[in-house]
Structure formats: C-alpha cells, structure tokens
Amino acid sequence: QTTLRGAADELGKDIGVAVSYSQLMNNAQYRNIVATEFNSLTAENAMKWDATEPSDGNYTFTQADAIVDFAEDNGQTVHGHTFVWHQQTPSWVQGLSGTAMRAAMVDHINTVANRYEGRVDSWDVVNEVVSDSNGAMRDSFWLRAMGEGYITTAFQTARAADPNADLYINDYSIEADNAKSDRIYTIAQGLVGQGLLDGVGFQSHLILGQVPSTMEANLQRFVDLGLKVRITELDIRIAMPADSSELARQAQDYERVVSICAELADCTGVTVWGLRDGDSWVPGVFPGEGAPLLFNDDYSKKPAYNSVLSALGDG
Ligand code: G3I
C-alpha cells in the first residue's frame with residue numbers, strides 16, 4: 001500500500017512529522033504510523049533549551065536521544081529544532097549579562113550539536129528572530145543582552161560545531177512576500193555572504209483558505225540566494241467544529257503547499273507539526289480552532305492525507 005513516505009522517497013523529498021517524546025514511548029500505534037508514513041522527524045519539544053539544559057551546564061538528553069534513536073532505527077532523517085529561541089529557554093539564561101549569555105549560547109550549541117553530529121542532518125539555529133510588526137527584529141532577551149550580533153554568533157558556533165549539518169533560519173508568517181519575509185531575506189543575505197546559512201524554514205502555521213498567493217514566488221527568491229527552503233511546521237487550522245466541506249478545502253490547501261515544495265528542486269521537504277489533530281498545539285493557543293493535521297485521533301486518514309499523497313506524486 002502506498003504511503004506518504006513511499007511517495008516522498010520516490011520524489012527525493014522529506015516528508016516529516018513533529019513528534020512528542022511521550023507518545024513515541026507510550027503509544028505503539030503512534031510509533032507505527034510515524035515509522036511507516038514519514039521519512040523525517042523533528043522533536044516537537046525535546047531538543048529545545050528547556051528540555052536539554054534546564055540548569056546551567058546540566059544537560060538532559062533522554063528525550064532527544066530517544067527520538068534520534070527512533071529515527072535511526074527507522075532510517076529517518078532528523079531536522080533539529082532549535083538552539084536559539086525566545087520561548088522555552090530557561091530563566092537562568094534570560095537573566096544573564098551579554099557576555100555571560102554569549103558564553104552560555106556557545107556552550108549550549110557546541111554541546112548539543114556535537115552530541116548529534118552525523119545524526120541530525122539540519123538545525124533550526126535561530127527561531128522566530130523577527131517580530132510581527134513591520135519586519136522589525138524581535139525585541140527578545142537575546143537582542144537586548146547581545147545585540148543583533150547574537151544571530152551571527154549562533155550560526156558561527158553551529159557551523160564550527162557540526163560543519164556537515166545544514167543550518168537554517170526558521171520563522172512563521174514568512175510564507176508570503178511581506179515585511180517579515182523581507183527582513184528574513186536581508187538577514188539571510190548577510191549570513192549567506194559569510195557562508196553561514198544553508199536554508200530557510202517556513203513554519204507555515206496556516207489558516208484555512210489562506211495559503212498566500214505569493215508563497216511560490218517568495219520561496220523562489222530565497223532559492224535564488226543559493227539557499228534550500230523547507231516547510232518546517234505545517235498545519236492548517238479550521239474554526240471548530242470542522243464540517244466536511246471545510247475538510248475538503250483543507251485538503252486543497254495542503255495540496256497546494258506540498259505541491260509548491262514538490263515542484264521546487266531546492267525545497268528539501270515538508271514537515272507537519274504533529275500527527276493527529278488531538279496532538280496539535282493549536283486548540284490550546286487558539287481556542288475554538290483546530291483540526292489542523294493529517295490524521296484523526298483514531299488514526300484514520302483525513303482528506304488532507306490523500307491530497308498530500310497526490311501532491312507527492314502518488315495516490
Ligand atoms: O513539559 C510540561 C509538562 O511537564 C507539564 O505537565 C505540562 C502542563 O501544561 O506542560 C508541559 O510543557 C508544555 C510543552 O509544550 C510540552 O508538552 C508547555 O506547557 C507547552 O507550552 C508546550 O507547547 C509547545 C510550544 O511550542 C511552546 O511554545 C508546543 O507543544 C509546540 O508544538 C510548540 O511548537 C512551536 C515551535 O517550537 C516553534 N514554532 C511555533 C510552534 C507552535 O507554537
């Protein structure tokens with residue numbers, strides 16, 4: 001029987017899923033579908049700073065190791081997420097002086113990147129560094145303590161720690177050609193000039209019926225800089241309850257996004273941000289919205305599953 005994984009393998013693309021450590025450990029059906037339907041994994045939370053270095057110098061890799069082991073056992077690639085973010089970073093980091101914060105960042109990236117060298121294929125080195133207002137830099141504790149150079153420091157450190165990993169900058173609401181993606185473009189140009197950047201991750205947390213009309217051209221301009229592009233956290237949320245026409249519309253939206261990547265040689269693949277609708281972060285953050293993924297809670301396939309399969313060239 002045809003799977004997303006089979007179709008993506010044939011196409012030479014990644015079809016990825018963000019996985020939860022606890023589901024992967026405790027739920028055989030979840031494990032089975034993750035292994036059969038996907039050829040790439042991202043840890044939904046287990047590689048973030050609060051999970052890997054909760055206190056200064058005390059590294060905890062149980063969860064991240066389990067996910068990387070699972071991927072290796074199943075012949076899957078791993079997209080690492082993430083070193084430098086303004087969320088899920090412990091308060092001990094946030095309170096440091098610029099000099100001490102730089103040292104903590106360098107130690108953290110070196111330790112995590114070295115541990116997974118050769119096993120994690122690519123990293124979201126920085127995540128969500130641009131704000132939502134007119135493409136200004138995000139006013140984070142990183143920026144306030146270290147200045148804009150924190151981004152270059154992160155990439156230089158990651159490059160030296162694992163020269164073979166592909167290094168990405170990752171963000172949301174940059175799928176369209178807009179002020180925010182313009183700022184990412186400027187940052188990307190600077191990093192490319194220093195040989196520090198390999199790709200741009202377009203998270204793609206989308207709303208039903210709102211796949212941007214400029215998405216294809218926008219990805220292309222990053223490819224034209226010599227970069228890879230990747231859809232890193234795809235989900236398409238619906239105002240609940242979702243009826244059958246909305247699920248059909250969602251399938252069309254998924255088909256469009258996956259087709260854009262399928263038809264772009266330098267798009268490395270698409271990762272969906274969770275397996276079942278009930279696994280998604282969406283209802284917790286956007287009350288009244290949900291059903292954004294490819295599988296129902298009973299693991300049955302939604303219409304969007306079939307449209308992704310067809311966008312990957314099968315089904
Ligand atoms: O680990 C604790 C657990 O001990 C506790 O019992 C439980 C009670 O709420 O919380 C658990 O932590 C939660 C964590 O997920 C792990 O499940 C946090 O509260 C919750 O806030 C956290 O949410 C994650 C969110 O990032 C944090 O900002 C979501 O699962 C995750 O899907 C989401 O992913 C982000 C990407 O990393 C970056 N792009 C946006 C995307 C969606 O927000």
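Reference entry: report on the structure contained in this document. Here the structure is a predicted model, which means the values were calculated and not measured.

Bringing the site of the ligand into the picture now. The environment of the ligand is formed by 14 residues, the closest being E44, K48, H81, Q87 and E233. Contact distances for the ligand include 2.9 Å between an oxygen atom and a side-chain N or O atom of N45. A distance of 2.7 Å separates a nitrogen atom of the ligand from a polar atom in the side chain of E233. Notes on the ligand: free accessible area 790 Å², of which the protein chains cover 46%. Its residues assigned to classes, the shell around the ligand shows three nonpolar, seven polar and four charged.

Another point: helix α3 (residues 28-37). Within α3 the residues assigned to the buried category are Y30, I33, V34, A35 and E37. Two or three places before Q29, at the start of α3, stands the capping residue N27, its side-chain oxygen 3.2 Å from that residue's backbone nitrogen.

Once that is clear, we can look at the nonpolar core. Most often, soluble globular proteins keep nonpolar side chains buried together rather than apart. In this structure, W123, W142, F155 and L234 are the most contacted members of the largest nonpolar core, which totals 97 residues. Setting aside anything within four residues of it in sequence, one finds L234 in contact with Q203, S204, L206, Y254, V257, V258, V270, T271, V272, W273 and L293.

A separate point is the pattern of salt bridges. On inspection of all chains with the given rule, the structure shows 15 salt bridges. A salt bridge links R119 to D69; its shortest N-O distance comes to 2.8 Å. Residue R119 is located in the loop between α7 (98-115) and β4 (122-127), and its partner D69 is located in helix α5 (residues 62-73); the two are separated by 50 residues in the primary sequence. On the basis of relative accessibility, which here comes to 24%, the residue R119 falls in the partly exposed class.

What follows is about the layout of surface pockets. The calculated volume of the largest pocket comes to roughly 530 Å³. Considering each element in turn, the lining of the largest pocket owes the most residues, three residues, to strand β7 (residues 205-207). Class assignment for the residues of the lining of the largest pocket results in eight nonpolar, 10 polar and seven charged.

Time to look at the packing of helix α10 (residues 179-193) against helix α11 (residues 215-223). For the pair α10 and α11, interaxial distance at closest approach is 11 Å and the crossing angle is 10 degrees. Looking at the two axes, α10 sits roughly parallel to α11. Taken together, the residues of α11 that come into contact with α10 (itself represented by S181, D182, I184, Y185 and A188) are N218, R221 and F222. For the contact of α10 with α11, the class distribution of residues is four nonpolar, two polar and two charged.

When helix α1 (residues 4-11) is considered as a whole, its buried residues turn out to be L4, R5, A7 and A8. End-on view of α1: buried residues confined to an arc of 165 degrees, all on one side of the axis. The elements touched by buried residues of α1 are β1 (14-19), α3 and α14 (303-311). G12 sits one or two residues past α1 and shows a positive phi near 80 degrees.

The next subject is the pairing of strand β5 (residues 166-171). The element β5 is extensively covered by neighbouring structure, given that six of its six residues are classed as buried. Of the two faces of β5, the one carrying D166, Y168 and N170 and the one carrying L167, I169 and D171 are both buried. Summarising the sheet, β4 and β5 pair through five bridges and their orientation is parallel. Its bridge partner being in β5, W123 is matched across the sheet by L167. Bridge count between β5 and strand β6 (residues 199-202): four bridges; the pairing is parallel. Looking across to β6, one finds that Y168 is bridged to G199.

Definitions and limits used
Residues numbered from 1 in each chain as written. Predicted model: local features only at pLDDT ≥ 70, side-chain atom pairs only at ≥ 80, totals over all residues. Heavy atoms only, no water. Near = heavy atom within 4 Å. Polar contact = N/O pair within 3.5 Å; in protein donor to acceptor, adjacent residues only side chain to side chain. Areas by Shrake-Rupley, 256 points an atom, 1.4 Å probe, with all protein chains shown as cover. Nonpolar A, V, L, I, M, F, W, Y, C, P; charged D, E, K, R; others polar. Buried < 20%, exposed > 50% of the residue type's maximum accessible area, 1.4 Å probe, protein only. Helix = DSSP H or I, 4+ residues; strand = E, 2+ residues; numbered from the N terminus. Core = buried A, V, L, I, M, F, W, Y, C linked by side-chain atoms within 4.5 Å. Contact = heavy atoms within 4.5 Å. Salt bridge = Lys/Arg side-chain N within 4 Å of Asp/Glu carboxyl O. 1 Å grid on protein atoms, 1.4 Å probe; cavity = no way out; pocket = protein on both sides within 12 Å on 5 of 7 lines; lining within 4 Å. Points joined across faces, edges and corners; volume = space filled by probe spheres on them. Axes fitted to C-alpha atoms, helices over the stretch in contact; angles between N-to-C directions. Parallel < 35°, antiparallel > 145°, perpendicular 65-115°, else oblique. Arc of directions from axis to C-beta. Pairing = 2+ DSSP bridges.

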